Amino acid sequence: MSSIRTVMEVARWEFLRFFKMKEQIVTFTLIVVIGVAVWGIGRMTDLGRLKSVTVAVVAPEGFSVETPPGTRIRFEPRDSASILSLTQEVDFRRLDGLLVAATSDSAVLRVGKVAAWQSDVETAFRAASKDARLRRMRLSAEEEARLARPAAWTVDHGNPEAREAWRAGRLWSVLFIVLTLMGLYIGNAYLFVAITGEKRLHVTEQVLSAITPQTWIDGKILGLSGVAAASTAIVGFGFFAMGWVTALLNAAFGAGVADTAAGSAAGGASPGPDLTVLLVDPMFLLVAFLFAVLGFFFWFTLFAAVASTINDPNTSGRTVFLFVPMIPASICFMGLKDPDSPLMRMLGILPFSSHAALPVRLAMGGLAPWEIPAALAVLTGSIWLLRRAAGKVFALGMLLYGKEPRWSEMWRWIREA
Amino acid sequence: MPAASALLAFGGMNTPPLVVIDKVVKRFASVEAVAEISFSVREGEIFALLGPNGAGKKTLVRMLVGITRPDSGTITFADSLTSAHGPDRGRMGYLPEERGLYLDRPTVQTLAYLGALRGLSRSRAEVAARAWLERLGLADRSTHKIETLSKGNQQRVQIVAAILHKPSLAILDEPFSGLDPINQDAVVDLIRELRSEGMTVLLSAHQMDLVERLADRVLLMNRGKELVAGTVPDLRARYQSAPSLRLDVTGEIDLGALRAHSAIADARIEEDGAVTVVPRGEGDLSAAVAHAASLVRIVGIHSERPRLHDIYVRAVRDHERRLETGSAL
């Protein structure tokens, strides 16, 4: 049997061993159900917000506070003589709030508890205070109107779709980093389970008498990359399905006060970026997919070698390696603010981070044409070198039982290879 | 110490060697696990590696299947076992001492996978796996997870995994361990069937009576060194020409006094109270009986051919004694 055929045989075995369609369907369904539940909770919160709030107002004569638009705050003017009794009413929660304005420039809001509507009261008071000051200046109606008119402000992107595309790119970048990180965790977890499990089940000698360690590790990485890619895709589709369902719910029952990101992601009824801009961009899809898969290969190769040296995953300190991919992903999140910064440019080329940083730069930044082939060359070259080193560590690690080899020992194996 | 070429003269089998091991050495830190071992395994024979724990059998087997490499010496496979890239792993089968199967996977799929790793196409591997499960009476459990099978059946499935692809050479490390006597007999029959189908079998085992029934030739090792090799009759001739005597006695016997006689090589008291006496040679039988009779009342005498077990124990003890005195170095 040729080596490639054997690698594919191992890959198929590993994929079928860990990819359980039933579990994936459950995951998909759970995501949608959780989305609907979150939507429902959001709606309930919105309904809570829409409950009318009564605030008693004690203010100088001629000063009044208007109800802000879009709120259910009801201001009730009261006499200053009733302040004491009103305060008691607030303390006993029979009244939501008491606004005491000693002058038009100064007020105290007495409340029984902290609530979201209190900022709306503050906004309303400040607006009333501003009006009162303008009135004292005795401006003409024309002058008042001129002062109230906001200055005109326009950003010209040249292309009218550029702003939406940038926002969509940002959203896609976040989704991409999250999904890639999720894929890495899924694959790494399976790698740890597969490799330490095979050591525990003593299947190592049986397999290594039939195929070379390099063939075995290659097949494992290929198969588990497939599991990670498929699982991530299903989770991704789950999020989209969640978005569509919540968008449909919004359409049926009306959008709530709080817009949901999922609804925006699906391009549903609620306002948000039009993701179809990137969905149909074949370059983004191709580069994102290519770098995600290569990123899986890179990290899984490293993890397979580390996992082969672990004797007991329950007690080994090396399981902390599972969290290492968090580092480049976190840096990429920080880099979203400025995807063209020198740091993001560097991360786009380095092999441990290019799988996340380069597609982000493609979606949001000004990627130079040479960066994609350069990053691709660095990443594939690193995978090749790492694969050879990992194969050697894997070959020796899989046959070791008992004490875990020291890092210096593993480095010696690699050098001897 | 017999070299590989000398070994080929043993046994009267004329088939060509399938594997020739020549002065193979393997060290782990300061321990010499295998020390210049040489032997050959011929086509179609059952060859047994014997030795106590730590003798170096496992290390030797792992070198044979390519898991580790010798520090020096050579392992040469016949053309039928080699490909352009070296030993053809698809023509070899291996049952490791440390058993292991994918317990969470269906039996037939696991066997088909291991068969495919040995070079069978997936469809052929599955057909072969189903045929073997039928033969073992496990056809109705083929889609069940391996963890649901009994330990004995798991062991048999493990053996099938080593021979599913019909290898030319099957290397079976402790194939009888963990099996009850009925399953041990079943494995003996299976190995005989494999040989009758043309398969060469190299096995290492501790069950001397089973090896005696099966093996065409044996190699006895201790502390990484070869002690003796040949057919079982050869070993009998070399180590113990006279049959042992089983004496039914009344009363207690002084074993020290019994062993002190020059005609007696060894003596021991069996669990049922009988005394086994091993004379030094056929000419010593009468003297051995007379000496025993002088120490205890004998009510029955049975003659027994020396068993491989006795040869094994004696050879190892002799070697240990020589190591202690320095003469084996």
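Refer to the structure above for everything that follows.
What comes next is a walk through the structure. (Residues numbered from 1 in each chain as written. Chains lettered and ligands numbered in written order. Predicted model: local features only at pLDDT ≥ 70, side-chain atom pairs only at ≥ 80, totals over all residues. Heavy atoms only, no water.)

## Remarks on the overall build of chain B
Part 1 of the reasoning: Within chain B, the regular secondary structure consists of 11 helices and 15 strands.
Part 2 of the reasoning: Projected onto its principal axes, the C-alpha positions of chain B cover 70 × 45 × 40 Å.
Part 3 of the reasoning: Here chain B holds 329 residues, and 52% of them are scored as buried.
Part 4 of the reasoning: Within chain B, contacts between residues separated by at least 24 positions form 71% of all contacts whose residues are at least 6 apart in sequence.
Part 5 of the reasoning: With an accessible surface of roughly 14,500 Å², chain B has 49% of that area assigned to carbon and sulfur atoms.
Part 6 of the reasoning: Charge-centre separation for chain B: the mean point of 41 positive side chains lies 4 Å from the mean point of 41 negative side chains. (Helix = DSSP H or I, 4+ residues; strand = E, 2+ residues; numbered from the N terminus. Buried < 20%, exposed > 50% of the residue type's maximum accessible area, 1.4 Å probe, protein only. Contact = heavy atoms within 4.5 Å. Areas by Shrake-Rupley, 256 points an atom, 1.4 Å probe, with all protein chains shown as cover. Lys, Arg positive; Asp, Glu negative; His and termini not counted. Charge placed at Lys NZ, Arg CZ, Asp CG, Glu CD.)

## Let's talk about the pattern of salt bridges
Any two side chains of opposite charge can pair, so long as their charged atoms come close to each other.
Residue and element names in this part refer to chain A.
Part 1 of the reasoning: For the coordinates displayed, the defined rule picks out 31 salt bridges over all chains.
Part 2 of the reasoning: Linking arginine 17 and glutamate 198 is a salt bridge whose minimum nitrogen-to-oxygen distance equals 3.6 Å. With a gap of 181 residues between them, arginine 17 in helix α1 (residues 3-18) and glutamate 198 in helix α6 (residues 162-201) connect regions that are remote in the sequence. Side by side, arginine 17 and glutamate 198 carry an identical accessibility label, which is buried.
Part 3 of the reasoning: A salt bridge links glutamate 142 to arginine 146; the nearest nitrogen and oxygen atoms lie 3.5 Å apart. With a gap of four residues between them, glutamate 142 and arginine 146 both fall in helix α5 (residues 141-148), about one helical turn apart.
Part 4 of the reasoning: One connected set of salt bridges, linked through shared partners, spans Glu14, Arg17, Glu198 and Lys220. (Salt bridge = Lys/Arg side-chain N within 4 Å of Asp/Glu carboxyl O.)

## Focus on the sheet that holds strand β13 (residues 264-269) of chain B
Residue and element names in this part refer to chain B.
Part 1 of the reasoning: Ordered in space as β13-β14-β12-β15, the four strands form an open sheet in which the pairing is antiparallel. Here the strands that pair on one side only, and so sit at the sheet edges, are β13 and β15 (297-304). This sheet shows a mean twist of 25° between the axes of neighbouring strands, independent of strand direction.
Part 2 of the reasoning: Pairing of strand β12 (residues 244-250) with β15 involves seven bridges; the strand directions are antiparallel. Bridging from a neighbouring strand, aspartate 248 pairs with glycine 300 of β15.
Part 3 of the reasoning: Here helix α10 (residues 285-295) sits on the sheet in contact with β12, β13, β14 (275-279) and β15, set at roughly 150° to β15. (Pairing = 2+ DSSP bridges. Axes fitted to C-alpha atoms, helices over the stretch in contact; angles between N-to-C directions.)

## Things to note about the packing of helix α5 (residues 151-163) of chain B against helix α6 (residues 181-196) of chain B
All names here are of chain B.
Part 1 of the reasoning: Between α5 and α6, the least distance of the axes is 11 Å, while the angle of their chain directions is 15°. Between α5 and α6, the interaxial angle falls into the category roughly parallel. At the point where α5 passes α6, the crossing takes the right-handed sense. The residues of α6 that touch α5, namely those facing Gly152, Arg156, Ile159 and Ile163, are Asn183, Val187, Leu190 and Leu194.
Part 2 of the reasoning: Grouping the amino acids of the contact of α5 with α6 by side-chain chemistry returns five nonpolar, two polar and one charged. (Parallel < 35°, antiparallel > 145°, perpendicular 65-115°, else oblique. Left-handed = near helix turned anticlockwise from the far one by under 90°. Nonpolar A, V, L, I, M, F, W, Y, C, P; charged D, E, K, R; others polar.)

## Observations regarding the side chain of glutamine 24 of chain A
Residue and element names in this part refer to chain A.
Part 1 of the reasoning: Structurally, the position occupied by glutamine 24 is in helix α2 (residues 21-50).
Part 2 of the reasoning: Judged by its relative accessible area of 7%, glutamine 24 falls in the buried class.
Part 3 of the reasoning: Residue contacts for glutamine 24: discarding those within four places in its chain leaves Phe19, Ser231 and Ile234.

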